[in-house]
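Spelled out, the chains give:
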Amino acid sequence: MESITVTFKLNGKTTAVAIEPLESLRTVLREHLHLHATKAGCGQGGCGSCTVLVNDEPVLSCLMLAALADGQEVTTLEGIGTPPHMHPLQTAFFDRFAAQCGYCSPGMIMAAKALLDKNPHPTRAEIAEALAGNLCRCTGYVAILDAIEDVVTQMQEA
Amino acid sequence: MGVKQLGIVGQSVKRRDGIGHVTGQTQYVDDVFYTGMLWLKMVRSPISRGIIHGIDASKAEAFPGVVAVVTAKDVPNNWYTILCLIGVEPNDEPVLAHEEVMYMGEPICAIVAETEAIAAEAAALVKLDIEELPPVLDMEFAISPDAPVIKKWGNNTFMYDGYNHRKLRFGDFEKAIQQADHVIEGDYSLSPIEHAPIETHCCVVKPEPDGRLTVHSNTQALYFTMDNTAIILQVPSQRLHMIGGTVGGGFGGKVDVITEPITCIAAMKTGRPVKWRWTREEEMRKSSTRAGVKMHYTDGVMNDGRIIARKVRSLEDAGAYHRHSPYGVQKHMANLPGPYTIPNVWVDAYCVYTNRQPSSAMRGFGVTEATFAVECQMERIARTIGMDSWEIRLINAYRNGQMRPVRKVVEDATLIETIQAAAELIGYELPAHLKAMSSDDYGGKGGHHG
């Protein structure tokens, strides 16, 4: 198959990349653009570890054709904060021990960011609902919910 | 010296790898890419049991983009040897099957290609000539005289000191059960459980100019993996530069040394870096699981709650091959009586082979299953004789100084104190005689069997 060029805004920077037409956004991010924060857990939309934001909406990047990102705005975990300037969600996940093996963390944090950007004062139930598509097998969900609630509280106090 | 003066104990410590995890900078094995890296896909058995008459990989070999095909004859020592050092013998599992297949999904040959998609496409072109045999899928059937014998040593169980099960005998069960006020039986079973780590198995191997192999592994046991890979490759272990320690979830599911040897062989054969990453389907359906277990309890209990006799028959499903199961059944046997002082115990624990996906290590394997059955049985006993759940456990809990059925004297017991603390935490007021119990009251006031 002929390769095609896709152009999108990636973490604030206009990016053009030559891809195979049927490649997923996750494959293009990880294997063409070498952004490895976005994880591959199932490749079938079941685990949420590949969650990124497309135009601020959480998207399973393993199920989205990269070609569809053309002209859109894509945000990955690398785009929201790096040490020492971490996003409040990253700091809270670190402080609350909300990452154990860490493999689900990028997807969890991106799904949480999508929620808080739209609804800065969610209830615990709303947070859980927003993370319903993200699976964790080690830490359990309590620490993750606690971390996100910490950020909600910080934003209320600020 | 008090705890506070130690400075470390009791202090909260930040995780060293935490910042990497939350910022996506931690490098997992699937994040490793090398220039010129090849991809590996495994051709697996489509059936549960059969005899291999032929493996024709010619079409796959000729497929554009395929660089190598790895079969059993490429494996210097074609045995998974993972527990030979602790006496789990004889070796029973080939790294790549060549004579027979024993479970659906058993690895047969590996396709190594320029891309993952080409490797997958070419793998589908391998023609397998396998004569299907009736599979053994049920444990009770496997140990019955009617079952086909699937293991080369002549029966379908692991052999423990010449017996087809691990025996534990303590006191005189047969005599004690006659004297019991109640005989209380219970059946308990668990299905196999998949660890389902979010990160699937993955291995990347790069051949180095000096002849060494750089091995990126998500094993939970790096040195164990190095030793076993060296034994399978028949190379000195210093030729393997193992890089690991970052695991995207393991839970016991990543200790079987299941990707590294093949990936190493593929890298040696092609002279290029190779990556083998499992699909979610492979992780769920081909990787080892916690064993399915069936346990039957027969307990002799007195009106005052004392358990004076316990007999357990347990079947653990190892699946097609040993992996860690014979060792798991050993632990299982020791834990089947539970943390209770019972003077007459009889345990028969079987490690049974079937044509199912092998079971292996998973979080307290052997022990967790026994605990589930023991505590269900304690509840059954309590309800049958009309005693409450706290009392039945506290009066039978083992005490320091007592002999356990495995002939080990109890030391540092904390069961009674833990139960008492649990009661306090949930605001339950234990009666005075239970509050007064202690792990040190054996031979004194509280120990029923003292």
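A quick note: this is a predicted structure, and the numbers were derived from the prediction, not measured.

Conventions used here
- Residues numbered from 1 in each chain as written.
- Chains lettered and ligands numbered in written order.
- Predicted model: local features only at pLDDT ≥ 70, side-chain atom pairs only at ≥ 80, totals over all residues.
- Helix = DSSP H or I, 4+ residues; strand = E, 2+ residues; numbered from the N terminus.
- Rg over C-alpha atoms; globule rule 2.2 N^0.38 Å.
- Contact = placed C-beta atoms within 7 Å.
- pLDDT = per-residue confidence, 0-100.
- Nonpolar A, V, L, I, M, F, W, Y, C, P; charged D, E, K, R; others polar.
- Buried ≥ 20, exposed ≤ 12 C-beta atoms within 10 Å, placed from the backbone.
- Pairing = 2+ DSSP bridges.
- Domains from an automatic or database assignment.
- Axes fitted to C-alpha atoms, helices over the stretch in contact; angles between N-to-C directions.
- Parallel < 35°, antiparallel > 145°, perpendicular 65-115°, else oblique.
- Left-handed = near helix turned anticlockwise from the far one by under 90°.
- Core = buried A, V, L, I, M, F, W, Y, C linked by C-beta atoms within 7 Å.

Engineer: Could you give me a rundown of the overall build of chain A, with the residues and numbers involved?
Structural biologist: Secondary structure assignment for chain A yields five helices and five strands. The order of α-helices and β-strands along chain A, N terminus first, is β-β-α-β-β-β-α-α-α-α. Whereas a compact globule of 158 residues would reach a radius of gyration of roughly 15 Å, chain A reaches 16 Å, a difference of no more than 12%. Overall size of chain A, expressed as C-alpha extent along the three principal axes, is 50 × 30 × 25 Å. For chain A, contacts bridging at least 24 residues in sequence account for 58% of all contacts bridging at least 6.

Engineer: Quick rundown of the overall build of chain B? Include the residues and the values.
Structural biologist: Scanning chain B from terminus to terminus reveals 14 helices and 15 strands. Overall, the C-alpha framework of chain B stretches about 80 × 65 × 35 Å when taken along its three principal axes. By sequence separation, contacts in chain B at least 24 residues apart represent 77% of the contacts at least 6 residues apart.

Engineer: Residue-level account of the confidence of the model for chain B, with values.
Structural biologist: For chain B, per-residue confidence averages 95 on the pLDDT scale, and residues scoring 70 or more make up 97% of the total. In the predicted complex, the global pTM is 0.94; the interface-specific ipTM is 0.97.

Engineer: Quick rundown of the interface of chain A and chain B? Include the residues and the values.
Structural biologist: Where interface size is quoted, it is often the accessible area lost as the parts come together. Each side of the interface is counted separately: chain A has 29 residues, and chain B has 19 residues. Those elements that place two or more of their residues in the side of chain A that touches chain B are α2 (88-95) and α3 (105-118) of chain A. Across the side of chain A that touches chain B, the residue classes break down as 17 nonpolar, 10 polar and two charged.

Engineer: Tell me what's going on with the pairing of strand β3 (residues 66-70) of chain B, and back it up with residues and numbers.
Structural biologist: All names here are of chain B. In terms of burial, β3 is a largely internal element, four of the five residues being buried. As paired strands, β3 and strand β5 (residues 107-113) are joined by four bridges and run antiparallel to one another. Bridging across to β5, Val66 finds its partner in Ala113.

Engineer: Could you give an account of the domain arrangement of chain A, naming the residues involved and the relevant values?
Structural biologist: Residue and element names in this part refer to chain A. The domains assigned to chain A are domain 1 (4-79) and domain 2 (88-157). Each of domain 1 and domain 2 has a C-alpha centre, and these two points are 21 Å apart. Every contact between the two is made by 15 residues of domain 1 and, on the other side, 13 residues of domain 2. For the side of domain 1 that touches domain 2, the elements supplying multiple residues, two or more each, are β3 (51-54) and β4 (57-60). Examining the composition of the side of domain 1 that touches domain 2, we find that three residues originate from one element, β3, more than from any other. Within the side of domain 1 that touches domain 2, the residues separate by chemical class into seven nonpolar, five polar and three charged.

Engineer: Quick rundown of helix α10 (residues 325-335) of chain B? Include the residues and the values.
Structural biologist: All names here are of chain B. Judged by how many residues are buried, α10 sits mostly within the fold: eight of 11 residues are covered. Within α10, the full set of buried residues consists of Ser325, Pro326, Tyr327, Gly328, Val329, His332, Met333 and Asn335. Along its buried surface, α10 packs onto β7 (166-170), β14 (307-319), β15 (345-353) and α11 (367-385).

Engineer: How would you sum up the sheet that holds β3(A)? Please name residues and give values.
Structural biologist: Residues and elements named next belong to chain A. Reading across from one edge, β2-β1-β5-β3-β4 is the order of the five strands in this open sheet, with mixed pairing throughout. Each edge of the sheet is formed by a strand with only one pairing partner; in this case those strands are β2 (13-19) and β4. Averaged over neighbouring strand pairs, the angle between their axes works out to 40° when direction is ignored. For β3 and strand β5 (residues 73-75), the ladder comprises two bridges, and the chain directions are antiparallel. Pairing of Leu53 across the sheet is with Thr75, part of β5. Those strands touched by α3 are β3 and β4, and its axis lies near 35° from that of β3.

Engineer: Kindly report on unusual backbone geometry, identifying the contributing residues and their values.
Structural biologist: Pro84(A) follows Pro83(A) through a cis peptide bond whose omega is 5°. Looking at where Pro84(A) falls in the secondary structure, it is placed in the loop between β5 and α2. The residue after Glu89(B), namely Pro90(B), is reached through a cis peptide bond having omega -5°. Relative to the helices and strands, Pro90(B) is located in the loop between β3 and β4 (100-101). One non-glycine residue, Gln234(B), lies in the positive phi region at around 60°.

Engineer: Explain the environment of Ile262(B) residue by residue, including any values.
Structural biologist: Residue and element names in this part refer to chain B. Position of Ile262 relative to the elements: it lies in helix α8 (residues 260-270). Measuring from C-alpha to C-alpha, the distance between Ile262 and Leu40 comes to 9.2 Å, with 222 residues separating the pair along the chain. Once you skip the residues sitting within four places of it in the chain, Ile262 turns out to touch Val70, Val95, Ala110 and Trp276.

Engineer: So, the packing of α2(A) against α3(A): which residues are in play, and what are the values?
Structural biologist: All names here are of chain A. Across the interface, α2 lies against α3 with an axial gap of 10 Å and an inter-helix angle of 130°. The pairing of α2 with α3 is recorded here as oblique in orientation. For the crossing formed where α2 meets α3, the hand is right-handed. Only Ser105, Ile109, Ala112 and Lys113 of α3 make contact with α2, whose side of the interface consists of Leu89, Gln90 and Phe93. Partitioning the contact of α2 with α3 into residue classes produces four nonpolar, two polar and one charged.

Engineer: An account of the pairing of strand β12 (residues 274-277) of chain B is requested, with residue identities and associated values reported.
Structural biologist: Residues and elements named next belong to chain B. In β12, alternate side chains face the same way, and those of Val274 and Trp276 on one face and Lys275 and Arg277 on the other are all buried. As defined by bridge partners, strand β1 (residues 38-44) adjoins β12 across two bridges and the pair is classed as parallel. Its bridge partner lying in β12, Leu38 is registered against Val274. Inspection of the sheet shows strand β9 (residues 202-207) paired to β12 by four bridges, in the antiparallel sense.

Engineer: Can you lay out helix α1 (residues 25-32) of chain A for me, pointing to particular residues and giving the numbers?
Structural biologist: All names here are of chain A. Across the eight residues that make up α1, a large majority, six, are buried. Along α1, the residues classified as buried are Leu25, Arg26, Thr27, Val28, Leu29 and Arg30. The inward-facing, buried residues of α1 contact β2. Directly after α1, the chain includes His34, whose backbone phi takes a positive value near 60°.

Engineer: So what's going on with the domain arrangement of chain B? Which residues, and what values?
Structural biologist: Residues and elements named next belong to chain B. What the domain assignment reports for chain B is domain 1 (29-133 + 195-285), domain 2 (136-192 + 289-387) and domain 3 (397-450). Taking the mean C-alpha position of each, domain 2 and domain 3 sit 25 Å from one another. With 10 residues of domain 2 in contact, the opposing surface of domain 3 contributes nine residues. Looking at the side of domain 2 that touches domain 3 residue by residue, the classes come out as eight nonpolar, one polar and one charged.

Engineer: Explain the nonpolar core residue by residue, including any values.
Structural biologist: Residues and elements named next belong to chain B. Ranked by size, the top nonpolar core spans 155 residues in total, and within it Ile111, Val112 and Ala266 carry the most contacts. A per-element tally of this core places β15 first, with eight residues. Beyond its immediate sequence surroundings of up to four residues, Ile111 is in contact with Lys41, Val43, Ala60, Val66, Val69, Ala119, Ala122 and Ala123.

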